[in-house]
Amino acid sequence: MITVLIPGGFKPPHVGHYKFFMHYINNPQVSEVRIFCGERQRKLGDDFSVSIEQAEAILRLYGILDHPKVTYQRASTRKGSKGHYTNPFADVYDWAEDNCEKTKNKISLGVSSKDTGYQTGFMKYFKSTPNIIKIPQAYEQEEFVSATEFREALATGNPISVFIPDHVEESEVIRIFS
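A.B. asks: Honestly, the environment of Phe144 in this entry has me stumped. Any pointers?
C.D. replies: Relative to the elements of secondary structure, Phe144 occurs in the loop between helix H4 (116-125) and helix H5 (147-156). Between the C-alpha atom of Phe144 and that of Phe163, which follows or precedes it by 19 residues, the distance is 9.5 Å.

Here's what the structure looks like:
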C-alpha cells in the first residue's frame, strides 16, 4: 500500500485540485492521501482574499476532507529570518523523513501533470530510502484552470462553474465567501 503526500496552498481549491485528489483516492494501491495545506492567504487586490478556513470549507464541500482515505493537516509554523511562515513542501519532506521507517506503506509525493519537477526533487532527496517510491502523475490536465482565475471570478461575481466539480453548486461555494 502507498501513502501519497500532497502539499499546497489550495486558495481556493478548484476542479483540477479535486481531480488530482480523487485520482489518488480512487487508486486501489493508495491507502492514504495526506494533504498538507499552507496558511498564507491568497489576495486579489485589497478587497478579496482566500483564507485557509475558506479553502478547508471548500475541500469539505467537495467531499475531500471527510473521505476516509484522507488525512489533512495545516502546515506547521516555522521561524525564518523574515518571521514566521508555513511551508507545506517542507512538512512533506519532514513527514516522509520521520515516517519512512515507521510505516509499512510505501511513501510517494503526489504529482500533477504540470509540476513533475517536485517529484523529481523529492526522489533525488530520498534516493537511498527504499520505502520512498515514485508514483505516476495524476493525469494529463484536460482543461487549464487556475486558483488565480478562480479568485478573480469569485471577487468579481463572475460565474464559477468552470472552476468547481460538477456535483457542487455554485451557490454553496459563493456562500463560503459571504
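Moving on from the model shown.
A.B. asks: Help me understand unusual backbone geometry in this model?
C.D. replies: Residues apart from glycine generally show negative phi values, whereas peptide bonds are mostly found in trans. In this structure, the amide linkage connecting Lys11 to the following residue, Pro12, adopts the cis form with an omega of -5°. By the element assignment, Pro12 lies in the loop between strand S1 (2-8) and helix H1 (15-25). Look at Phe10: it is not a glycine, yet its phi comes out positive at around 55°. Structurally, Phe10 can be placed in the loop between S1 and H1.

A.B. asks: How should I be thinking about the sheet that holds strand S5 (residues 70-74) in this particular structure?
C.D. replies: Strand pairs in the sheet, formed through backbone hydrogen bonds, run parallel or antiparallel to each other. Taken together, the four strands give an open sheet; going across it, the order is S5-S2-S1-S8, and neighbouring strands pair in parallel fashion. This sheet does not close on itself; its edge strands, each paired only once, are S5 and strand S8 (106-109). Neighbour-to-neighbour, the strand axes of this sheet turn through a mean angle of 20°, independent of strand direction. With seven bridges joining them, S1 and strand S2 (residues 30-37) adopt parallel strand pairing. The residue bridging Ile2 from the neighbouring strand is Val30, located in S2. Taken strand by strand, helix H2 (residues 52-62) contacts S2 and S5, and its axis lies near 170° from that of S5.

Criteria and thresholds
Residues numbered from 1 in each chain as written. Predicted model: local features only at pLDDT ≥ 70, side-chain atom pairs only at ≥ 80, totals over all residues. Heavy atoms only, no water. Helix = DSSP H or I, 4+ residues; strand = E, 2+ residues; numbered from the N terminus. Pairing = 2+ DSSP bridges. Axes fitted to C-alpha atoms, helices over the stretch in contact; angles between N-to-C directions. Contact = heavy atoms within 4.5 Å.

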